[in-house]
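What follows is each chain in one-letter form.
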Amino acid sequence: NGLCRLDPVPGTTVNAPNVAACDPGFTIGSPGQAVYDSRANADGTHWVYVPDNAVRSPGVWRLTFDPATATITNPVAMAPGLLDNLKTNALALDKANDALYVGDLVDGNIRRINGIKGDPRSQTVDIVATTQPQKAGATGRGINGTMALLGNRLYLPENNAATYFDITAACANPTVSPNPAPCSTTTVNFLNTPSPVFVAGIAVDPTHGYVYISESP
C-alpha cells in the first residue's frame, strides 16, 4: 500500500493501514526509512521524505503532511533524474544544512540532496562517502537498513560492521551534479562492535548521545 497511516480497527485491539490515508494513488512503490521534517512550511504543513527502493524508483519522494488532518498528499520526486533506479532505502535529515543523506541498495555510495525545502528541479546531489570495500577488494555495498545522524557523524549499517563518517570532512576533489563522483578523502570509521556482524539498523538518542545498533546473527 505504499506509505500509509496506521489507525485503530474498530472492535479490536490492533491497528492497521488506513487506505484512505495512504500516499495518493499508492505512488510510492516500496517505501524505505521515512523521515519527518519538523520545520513548518508557511501554510503550516510539513514535509515527509520517503525513499523508494522499487526497481524503477525515481529515488526519493517529498510529500506534504497536514497536521490538522494527519494526512499526506502531493508526492513529488526530489532531484528528478539524479537518483533514478538506485533503489534508495535509507535517509537521514540534516536540517541545519537543508540536506538529506541517502543510502541505497545498488552501490556503496552515500549521497546528499541539497536544498531539500526548495524547488526539486533546482536540487543538486553529491556523493559524500563510500561504504567499506568488501572481500577481495570488491567495491562497497549498499545500505540495507536504517541510518542516523548524530552531531556531525552519520552512522551506517553495513554488511559486516557499524560505521560512521564525519559529514563536515573536507573533500579534496569536490564534484557537482548531474554527474558527481565520490569524495576521494571521506572514509568510514568502524564502531567497536563484534566483527564481522551484519548490522540491520541504527538509531540515535541525541539527548544522551547514544547510538543503538540492531545486529542480525
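Preceding block: the structure.
Bear in mind the structure is a predicted one, so any value in this text is a computation, not a measurement.

Participant: Got a minute to help me understand the sheet that holds strand E9 (residues 109-114) in this structure?
Facilitator: Sheets are built from strands that pair by backbone hydrogen bonding, the pairs being arranged parallel or antiparallel. Spatial ordering of the open sheet is given by E7-E8-E9-E10, a layout of 4 strands whose pairing is antiparallel. If you trace the sheet from one side to the other, it starts and ends with strand E7 (88-94) and strand E10 (124-130), each paired once. Between one strand and the next, the sheet's axes are offset by a mean angle of 25°, whatever the strand orientation. Bridging between E7 and strand E8 (residues 99-104) involves 6 bridges; their strand directions are antiparallel. Each bridged residue has a counterpart across the sheet, and for Leu 93 the counterpart in E8 is Leu 100.

Participant: I keep staring at the environment of Ile 110 and nothing clicks. Help me out?
Facilitator: In this structure, Ile 110 sits in strand E9. The spacing of Ile 110 and Thr 130 is 20 residues in sequence and 5.9 Å in space, taken between C-alpha atoms. Once residues lying within four places of it in the same chain are set aside, the contact partners of Ile 110 are Tyr 101, Val 102, Gly 103, Asp 126, Ile 127, Val 128, Ala 129, Thr 131, Ile 143, Leu 154, Leu 156 and Phe 165.

Participant: Sorry, what's going on with the pattern of salt bridges here?
Facilitator: Pairing between side chains of opposite charge can happen when the charged atoms of each approach one another. Counted according to the given criterion, the structure contains 7 salt bridges. Note that Arg 112 is salt-bridged to Asp 126, the shortest N-O span being 3.1 Å. Within this pair, whereas Arg 112 is found in strand E9, its partner Asp 126 is found in strand E10, the two being separated by 14 residues in sequence. Put simply, Asp 37, Arg 39 and Asp 98 are held in one network by salt bridges that share partners.

Participant: Sorry if this is basic, but what is going on with the nonpolar core here?
Facilitator: Here is a general trend for soluble globular proteins: nonpolar side chains tend to be buried in one another's company. If you look at the biggest cluster of nonpolar residues, it comprises 15 residues, and the most contacted ones within it are Tyr 49, Val 60, Met 78, Leu 91, Leu 100, Ile 113 and Ile 116. Listing elements by their share of this core, those giving two or more residues are strand E4 (46-51), E7 and E8. When residues no more than four places from it in sequence are discounted, the contact partners of Met 78 are Tyr 49, Val 60, Trp 61, Arg 62, Leu 83, Leu 100, Ile 113, Ile 116, Pro 120 and Gln 123. One finds Ile 110, Val 128, Leu 156 and Ile 167 within the second-largest nonpolar core, a separate group that totals 14 residues.

Participant: Can you walk me through the packing of aromatic side chains in this structure?
Facilitator: Two numbers describe a pair of aromatic rings. These are the distance of the centres and the angle of the planes. Overall, the coordinates contain 3 aromatic pairs when judged by the stated rule. A centroid spacing of 6.0 Å and a plane angle of 90° characterise the contact between Tyr 36 and Phe 65, whose relative ring orientation is edge-to-face. Remark: Phe 65 occurs in strand E5 (residues 60-66) and Tyr 36 occurs in strand E3 (residues 35-36); sequence separation between them is 29 residues. Seen from their ring centres, Tyr 210 and Tyr 212 are 6.3 Å apart, and the 85° between their planes marks the pair as edge-to-face. Its guanidinium or amino end placed over the ring of Trp 47, Arg 62 lies 4.0 Å from that ring's centre, counting from NZ or CZ.

Participant: Could you clarify how one ought to interpret the sheet that holds strand E14 (residues 189-190) in this entry?
Facilitator: As summarised here, the arrangement of the 4 strands in space is E11-E12-E13-E14, forming an open sheet in which the pairing is antiparallel. The two strands at the open ends of the sheet, each matched to only one other strand, are strand E11 (148-150) and E14. Sheet analysis places E11 next to strand E12 (residues 153-157), joined by 3 bridges and oriented antiparallel. By the bridge assignment, Leu 149 is partnered in E12 with Leu 154.

What counts and how
Residues numbered from 1 in each chain as written. Predicted model: local features only at pLDDT ≥ 70, side-chain atom pairs only at ≥ 80, totals over all residues. Heavy atoms only, no water. Pairing = 2+ DSSP bridges. Helix = DSSP H or I, 4+ residues; strand = E, 2+ residues; numbered from the N terminus. Axes fitted to C-alpha atoms, helices over the stretch in contact; angles between N-to-C directions. Contact = heavy atoms within 4.5 Å. Salt bridge = Lys/Arg side-chain N within 4 Å of Asp/Glu carboxyl O. Core = buried A, V, L, I, M, F, W, Y, C linked by side-chain atoms within 4.5 Å. Buried < 20%, exposed > 50% of the residue type's maximum accessible area, 1.4 Å probe, protein only. Phe/Tyr/Trp six-rings, centres within 6.5 Å; stacked < 30°, edge-to-face > 60°. Lys NZ or Arg CZ within 6 Å of the ring centre and 35° of its normal.

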